[in-house]
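Chains, contacts and geometry: an overview
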Amino acid sequence: DRPELRGGLVKRFTTMDASKESVVVVDPYSTGCVIVKEIQSRGYKVIALWTRGFSDEMKTHVPLSCGKISYHAEVNEGDNLGET
(Lines give C-alpha, C1' and ligand atoms only; values in the text may rest on other atoms or scores of the structure.)
Protein backbone atom coordinates (compact mmCIF):
# COMPACT_ATOMS: atom_id res chain seq x y z
CA ASP A 1 0.00 0.00 0.00
CA ARG A 2 1.32 3.44 -0.94
CA PRO A 3 -0.34 6.19 1.08
CA GLU A 4 1.43 8.91 -0.92
CA LEU A 5 -0.71 7.95 -3.93
CA ARG A 6 -4.05 8.32 -2.15
CA GLY A 7 -4.19 12.11 -2.23
CA GLY A 8 -4.77 12.44 -5.97
CA LEU A 9 -2.72 14.34 -8.49
CA VAL A 10 -0.99 17.54 -7.54
CA LYS A 11 -0.43 20.11 -10.26
CA ARG A 12 3.07 21.44 -10.05
CA PHE A 13 3.90 24.84 -11.44
CA THR A 14 7.08 25.51 -13.30
CA THR A 15 8.87 28.55 -14.61
CA MET A 16 9.87 26.67 -17.75
CA ASP A 17 8.59 28.18 -21.00
CA ALA A 18 7.42 25.15 -22.99
CA SER A 19 7.59 27.09 -26.26
CA LYS A 20 11.39 27.15 -25.87
CA GLU A 21 11.62 23.42 -25.16
CA SER A 22 11.58 20.40 -27.48
CA VAL A 23 10.59 16.79 -27.00
CA VAL A 24 12.05 14.01 -29.13
CA VAL A 25 9.59 11.26 -30.00
CA VAL A 26 11.04 8.08 -31.49
CA ASP A 27 8.99 6.63 -34.35
CA PRO A 28 5.80 8.65 -33.74
CA TYR A 29 3.62 6.17 -35.61
CA SER A 30 -0.07 5.48 -34.95
CA THR A 31 -0.51 5.87 -31.17
CA GLY A 32 2.70 7.89 -31.16
CA CYS A 33 0.83 10.53 -33.17
CA VAL A 34 -1.66 10.86 -30.35
CA ILE A 35 1.22 11.40 -27.94
CA VAL A 36 2.69 14.02 -30.30
CA LYS A 37 -0.62 15.92 -30.39
CA GLU A 38 -0.76 15.94 -26.58
CA ILE A 39 2.83 17.19 -26.31
CA GLN A 40 2.13 19.92 -28.87
CA SER A 41 -1.07 20.94 -27.07
CA ARG A 42 1.10 21.66 -24.04
CA GLY A 43 3.22 24.08 -26.06
CA TYR A 44 6.29 21.96 -26.74
CA LYS A 45 8.00 21.58 -30.11
CA VAL A 46 8.29 17.98 -31.28
CA ILE A 47 11.26 16.45 -33.07
CA ALA A 48 10.52 13.12 -34.75
CA LEU A 49 13.38 10.61 -34.66
CA TRP A 50 12.82 7.86 -37.21
CA THR A 51 14.76 4.66 -36.68
CA ARG A 52 16.47 2.84 -39.53
CA GLY A 53 14.16 0.66 -41.55
CA PHE A 54 11.04 2.70 -40.85
CA SER A 55 9.46 3.13 -44.27
CA ASP A 56 8.46 6.49 -45.71
CA GLU A 57 4.93 5.13 -46.16
CA MET A 58 4.68 4.33 -42.45
CA LYS A 59 5.91 7.82 -41.55
CA THR A 60 2.89 9.34 -43.28
CA HIS A 61 0.33 7.20 -41.43
CA VAL A 62 -1.58 9.47 -39.06
CA PRO A 63 -4.83 8.47 -37.38
CA LEU A 64 -7.81 10.53 -38.56
CA SER A 65 -8.42 11.66 -34.98
CA CYS A 66 -5.05 13.45 -35.00
CA GLY A 67 -5.62 15.50 -38.13
CA LYS A 68 -2.50 17.02 -39.66
CA ILE A 69 0.76 16.67 -37.75
CA SER A 70 3.85 18.73 -38.38
CA TYR A 71 7.16 18.40 -36.59
CA HIS A 72 9.64 21.06 -35.60
CA ALA A 73 12.25 18.78 -37.18
CA GLU A 74 12.61 15.21 -38.41
CA VAL A 75 15.78 13.19 -37.93
CA ASN A 76 16.60 9.85 -39.52
CA GLU A 77 18.77 7.41 -37.62
CA GLY A 78 22.14 6.93 -39.25
CA ASP A 79 24.67 4.14 -38.90
CA ASN A 80 26.14 5.87 -35.85
CA LEU A 81 25.48 8.87 -33.61
CA GLY A 82 27.53 11.18 -35.81
CA GLU A 83 25.47 10.32 -38.88
CA THR A 84 22.22 10.70 -36.99
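In the block above lies the structure referred to throughout.
Summary of the structure given here. (Residues numbered from 1 in each chain as written. Predicted model: local features only at pLDDT ≥ 70, side-chain atom pairs only at ≥ 80, totals over all residues. Heavy atoms only, no water.)

1. Quick look at the overall build of the protein chain
In terms of helices and strands, the protein chain carries two helices and three strands. Along the chain direction, N to C, the helices and strands of the protein chain fall in the order β-α-β-α-β. By residue count, 20% of the 84 residues in the protein chain fall in the buried class. Of the contacts formed within the protein chain by residues at least 6 apart in sequence, a portion of 64% connects residues at least 24 apart. Carbon and sulfur atoms provide 53% of the accessible area of the protein chain, an area that totals close to 6600 Å². (Helix = DSSP H or I, 4+ residues; strand = E, 2+ residues; numbered from the N terminus. Buried < 20%, exposed > 50% of the residue type's maximum accessible area, 1.4 Å probe, protein only. Contact = heavy atoms within 4.5 Å. Areas by Shrake-Rupley, 256 points an atom, 1.4 Å probe, with all protein chains shown as cover.)

2. Here we look at the sheet that holds strand β1 (residues 22-26)
Taken in spatial order, the three strands line up as β1-β2-β3 in an open sheet, and their pairing is parallel. The sheet terminates laterally at β1 and β3 (73-76), the two strands that pair on one side only. Here the strands of the sheet are splayed against their neighbours by 25° on average, with no regard to which way each runs. In this structure, β1 lies alongside strand β2 (residues 45-50), joined through five bridges in parallel fashion. Residue pairing across strands places V25 opposite A48, the latter belonging to β2. (Pairing = 2+ DSSP bridges. Axes fitted to C-alpha atoms, helices over the stretch in contact; angles between N-to-C directions.)

3. Describing the pattern of salt bridges
The tally for this structure, following the rule as stated, stands at three salt bridges. Residue R42 pairs with E38 through a salt bridge whose shortest N-O separation is 2.8 Å. Note that D56 is salt-bridged to K59, the shortest N-O span being 3.5 Å. Linking D56 with K59, this pair stays in helix α2 (residues 56-59), spanning three residues, or about one helical turn. (Salt bridge = Lys/Arg side-chain N within 4 Å of Asp/Glu carboxyl O.)

4. Looking at the environment of S55
By the element assignment, S55 lies in the loop between β2 and α2. On the accessibility criterion, S55 (33% relative accessible area) is partly exposed. One polar contact links the side chain of S55 to the main-chain amide nitrogen of M58, over a distance of 3.1 Å. (Polar contact = N/O pair within 3.5 Å; in protein donor to acceptor, adjacent residues only side chain to side chain.)

5. So, the packing of aromatic side chains
Tallied over the full model, the rule gives three aromatic pairs. Between W50 and Y71 the ring centres are 6.4 Å apart and the planes differ by 85°, which places this aromatic pair in the edge-to-face class. One end of the pair, W50, is in strand β2; the other, Y71, is in the loop between α2 and β3, with 21 residues separating them in the sequence. What links up through ring pairs into an aromatic cluster is the set Y29, W50, F54 and Y71. (Phe/Tyr/Trp six-rings, centres within 6.5 Å; stacked < 30°, edge-to-face > 60°.)

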